[in-house]
Amino acid sequence: MRAYRDRDFVQTPEGLFFCVIGNVHPRDRVLAYLKYLPSTEGKWGGEARYVRALRAYTTPSVEESLETLRARYPHYIHQSETLNIEISAVPLSYVRTHFKPEKRLSTLLTADSTGLDELEKRTVNLVQDIAETSGVDPSFLGVTGSILLGIHNPSFSDIDLIVYGRINVLQVKEAISFLFGKSLANRLSEPSLEEWAFEKSKLYPLSPGEAKEIARRKWDRGVYQGTFFSVHAVKLEEEVEEKYGERIYEPEGLATIHARVADVKDAYFLPATYRVDDVTVVEGRNVDNVLEITTYDGLYSDLYEVGEKIVARGKLELVLDKHQETSYHRLLIGSFEAGGRDYIKPILKPC
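The structure displayed is predicted, hence computed values, not measured ones.

J.: In this structure, what is going on with the layout of surface pockets? I would like to understand it.
T.: A water-sized probe, rolled over the atoms, reveals where empty space remains. Taken as a whole, the second largest pocket spans an internal volume of roughly 390 Å³. Looking at the second largest pocket, it is lined by 14 residues, and the ones nearest its centre are Ala-3, Asn-23, Val-24, His-25 and Pro-26. Across the lining of the second largest pocket, the residue classes tally to seven nonpolar, two polar and five charged.

In structure tokens form, the structure reads like this:
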């Protein structure tokens, strides 16, 4: 039985669906956020209907979902001494079903197409195009979200794909670019891009222009046969370098820094990490060993290249690495303390 991976799902005895966060978890529970709740008014599902617990994929929305859990399902609230935050987590004894993206995709790929709905057929076609173009074996691909759970609505649900493994991610990234170039898939149209940027500027501390620049950099989303799709990178077990509890994260307030990107090998995943150097603290506690910027918000994953200058605001944390017996600081994007006002932006050269 493989470990819990980022963007797996688990269902509880109450029928709640939680989306797994990252690949590093305590021994007795899995870190995850509440995604779907049973409801007779839900737009997802068949005989059993579900509503989304999140208004948007933002930290404030996750915090709202915690309020729901505190009020109705407090056994899914966990005080993490490792992360020094209160977070949602599902005890292993409460996991009724563990949904694995690669297993669901394998079922779709081997099914008789006459038994699939239009969205499932489109998912199969997209995966076959990506696998054929990239050379990545379909066993390293998966499908998450409502399709994984079998509660999707073909009239409006998206296709959320998974690619497992660092090398495979690079190959799929190149393949998606090829599909865009051949018009086998499409980037967001200019009107859709404008709308997307405007909506993001209302949710994040970004101007519409800044949000549009981020959208232009994102390779991992587009439109396939009329359906929006996204691609999410997830580490394989052998690529996970940290065990839960080996590093302790102590908060030291909010800070704003200027930095140069030094390494991006872990910027594809969630949490996404940019190693940085040439750091200047322009607001907050003035420390001299900020080595990385880590984001739990996928909006900022895989945006910046080595050598690029960036400005970032987030929660400053002291990282105590018990395994290496070292300590350093990182800037965390996606903390409850920042209240959705944190960011990573490029420092653009004046024209």
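J.: Quick question: what am I supposed to make of the sheet that holds strand 10 (residues 159-164) here?
T.: By definition, the strands of a sheet pair up through backbone hydrogen bonds, in either a parallel or an antiparallel sense. Strand order in this open sheet of four strands is 9-10-12-11, and the pairing throughout is mixed. Sheet topology places strand 9 (141-144) and strand 11 (221-224) at the edges, where each strand pairs with a single neighbour. On average, adjacent strands in this sheet sit at an angle of 35° to one another, irrespective of strand direction. Of the pairings in the sheet, the one linking strand 10 to strand 12 (residues 227-234) comprises six bridges and is parallel in character. Residue pairing for strand 12: Val-163 is matched across the bridge by Ala-233.

J.: Explanation requested: the pairing of strand 10 in the structure shown.
T.: Two faces belong to every sheet, and in a regular strand the side chains alternate between them. Counting buried residues in strand 10 gives six out of six residues, a clear majority hidden from the surface. By the bridge criterion, four bridges tie strand 9 to strand 10 in an arrangement that is antiparallel. Paired with Leu-141 across the strands is Val-163, a residue of strand 10.

J.: Would you mind showing me how to read the pattern of salt bridges here?
T.: Where charged atoms from two side chains of opposite charge approach closely, those side chains can pair. For the structure shown, the criterion picks out 33 salt bridges. The residue Arg-2 makes a salt bridge to Glu-102 at a minimum N-O spacing of 2.7 Å. On the criterion of sequence distance, the pair formed by Arg-2 in the segment before strand 1 (9-11) and Glu-102 in helix 2 (residues 101-110) is long-range, its members being 100 residues apart. An identical accessibility class is assigned to Arg-2 and Glu-102; each is buried. Salt bridges sharing partners connect three or more residues here, namely Arg-166, Lys-235, Glu-241, Lys-265 and Asp-266.

The rules behind the values
- Within every chain, residues take consecutive numbers counted from 1 along the sequence as written.
- Predicted model: local features are reported for residues with pLDDT of at least 70 only, side-chain atom pairs are reported and counted for 80 or more only, and whole-chain, interface and lining totals are derived from all residues.
- Remark: hydrogens and water are excluded; side-chain values derive from all non-hydrogen atoms of the structure.
- Here a cavity denotes a set of grid points, spaced 1 Å apart and computed over the protein atoms alone, in which a 1.4 Å probe fits but from which it cannot get out, and a pocket denotes an open set meeting protein on both sides within 12 Å along at least five of seven lines; residues with an atom within 4 Å of a point are reported as lining.
- Grid points are joined across faces, edges and corners, and a volume is the space filled by probe spheres set on the points.
- Throughout this entry, Asp, Glu, Lys and Arg are counted as charged residues, while Ala, Val, Leu, Ile, Met, Phe, Trp, Tyr, Cys and Pro are counted as nonpolar. The remaining residues, Gly among them, count as polar.
- Two strands pair under a simple rule: DSSP has to find at least two bridges between them.
- Labels follow the DSSP assignment, with helices taken as runs of H or I lasting at least four residues and strands as runs of E lasting at least two, numbered in each case from the N terminus.
- Inter-axis angles, ranging from 0 to 180 degrees, are taken between N-to-C directions of lines fitted to C-alpha atoms, where helices are fitted over the stretch in contact.
- The rule is simple: take the accessible area with a 1.4 Å probe, protein chains only, and divide by the maximum for that residue type; under 20% is buried, over 50% is exposed, in between is partly exposed.
- Whenever a carboxyl oxygen of Asp or Glu lies within 4 Å of a side-chain nitrogen of Lys or Arg, that contact is scored as a salt bridge.

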